[in-house]
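# Survey of secondary and tertiary structure
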Amino acid sequence: MACTIAVAGKGGVGKTTLCGLLIDWMCKNGKTPILAVDADANSNLNEVLGVEVETTLGDIRELVASADIVDESPIPAGMSKQDFMDIKFNRAIIEEDDYDMLVMGRTQGKGCYCFVNGLLTTELRRLSGGYKYILVDNEAGMEHISRGILPEVDVIVLVSDCSRRGIQAVGRIAQLIGEMEMKPKAVKLIVNRAPAAELAEGIKEEIRLQNLDLIGVVPQDEAVYEYDSEGKPTVTLPADSKVRLALNAIAEQLFTIV
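In this report, we go over the structure that sits alongside the text. (Residues numbered from 1 in each chain as written. Predicted model: local features only at pLDDT ≥ 70, side-chain atom pairs only at ≥ 80, totals over all residues. Heavy atoms only, no water.)

## Focus: the environment of Cys19
Going by this rule: By the criteria applied, helices consist of DSSP H or I runs no shorter than four residues and strands consist of E runs no shorter than two, each listed in order from the N terminus. Should any heavy atoms of two residues lie within 4.5 Å, those residues are counted as being in contact.
With respect to the helices, strands and loops of the structure, Cys19 is situated in helix H1 (residues 15-28). For the pair Cys19 and Val7, spaced 12 residues apart in sequence, the C-alpha separation works out to 7.2 Å. When neighbours within four sequence positions are excluded, Cys19 is seen to be in contact with Val7, Leu45, Leu135 and Asp137.

See the structure below:
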């Protein structure tokens, strides 16, 4: 079974950028094969990585769910929902040299999705056997994991910006992880966009109050903003980028755990 790493945090803290750079580091350091899962409804991990998305799992879920409510079913006569979903899933996988990618897509529409979510869970578990690592860029909170849609998680990386409110937000996610009895091997904290890669004493104190395990601090870097503004994949940042160097050091620590 693949080792699953989930990255979580409130919106706008840069977790998707860090996910992309972590995937890039893993590829360059032989931590492959990888299944990257963009589980954020506002998906843009593909933009960080520089890949195109044609079909999301949300699209497939909507299509299969519609089979019971439309006059003309999208599922061919004589084909089961499971077989139809198998075919669609295989087409939704974005294949790169060292990693594959799946995009969860938007949240569901009206009606009951219990059966379709069950198919989704089955497919993800089936696929996980072909990878050494699964890296999940989670949406704000832990919805996909709490619903049991994604595989069991081995390591959770919480990402916060350099603010007291941000630390409090990931502290609440850490509390939710405990309440859900997920029992990952480790829950680590990355503080992103810190001026000069340093934390004020008040932020350090809040980290202690929230009982969070800090694994690293990533500095504010204008190059990330410039790349985003110009539509350049963040993974093409130069090797001496401050963000890349900081993330590389964090990745080395992280993979002593996984």
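There is more to say after this.
## A short note on the sheet that holds strand S3 (residues 94-95)
Here is the rule: Here the rule is simple: two strands pair whenever DSSP picks up at least two bridges between them. Orientation is described by lines fitted to C-alpha atoms, with helices fitted over the stretch in contact, and by angles between N-to-C directions that extend from 0 to 180 degrees.
One open sheet holds the 8 strands; their spatial order is S3-S4-S2-S5-S1-S6-S7-S8, and the pairing between them is mixed. The sheet terminates laterally at S3 and strand S8 (214-219), the two strands that pair on one side only. Examined bridge by bridge, strand S6 (residues 155-161) and strand S7 (residues 186-194) share 7 bridges and lie parallel to one another. Pairing of Asp161 across the sheet is with Asn192, part of S7. Docked against the sheet, helix H7 (residues 164-179) engages S6 and S7, running at close to 160° with respect to S6.

## Some details on the pattern of salt bridges
For the record, the criterion: Note on definitions: salt bridges are taken to be side-chain nitrogens of Lys or Arg within 4 Å of carboxyl oxygens of Asp or Glu. Here's how the labels work: a residue is buried when its accessible area is under 20% of the maximum for its type, exposed when over 50%, partly exposed in between, all with a 1.4 Å probe on protein chains only.
Summed over all chains, the structure comprises 9 salt bridges. Its salt-bridge partner being Asp161, residue Lys10 comes within 3.9 Å of it at the nearest N-O pair. Here the residue Lys10 occupies a position in the loop between strand S1 (3-8) and H1, and Asp161 occupies one in strand S6, the gap between them amounting to 151 residues. Residue class for Asp161 comes out buried when judged on its relative accessible area of 18%. The salt bridge involving Glu201 is made with Lys204; its shortest N-O contact spans 3.4 Å. Of this pair, Glu201 and Lys204 both sit in helix H8 (residues 201-209), separated by 3 residues, roughly a single helical turn. The class for Glu201 is exposed, based on a relative accessible area of 53%.

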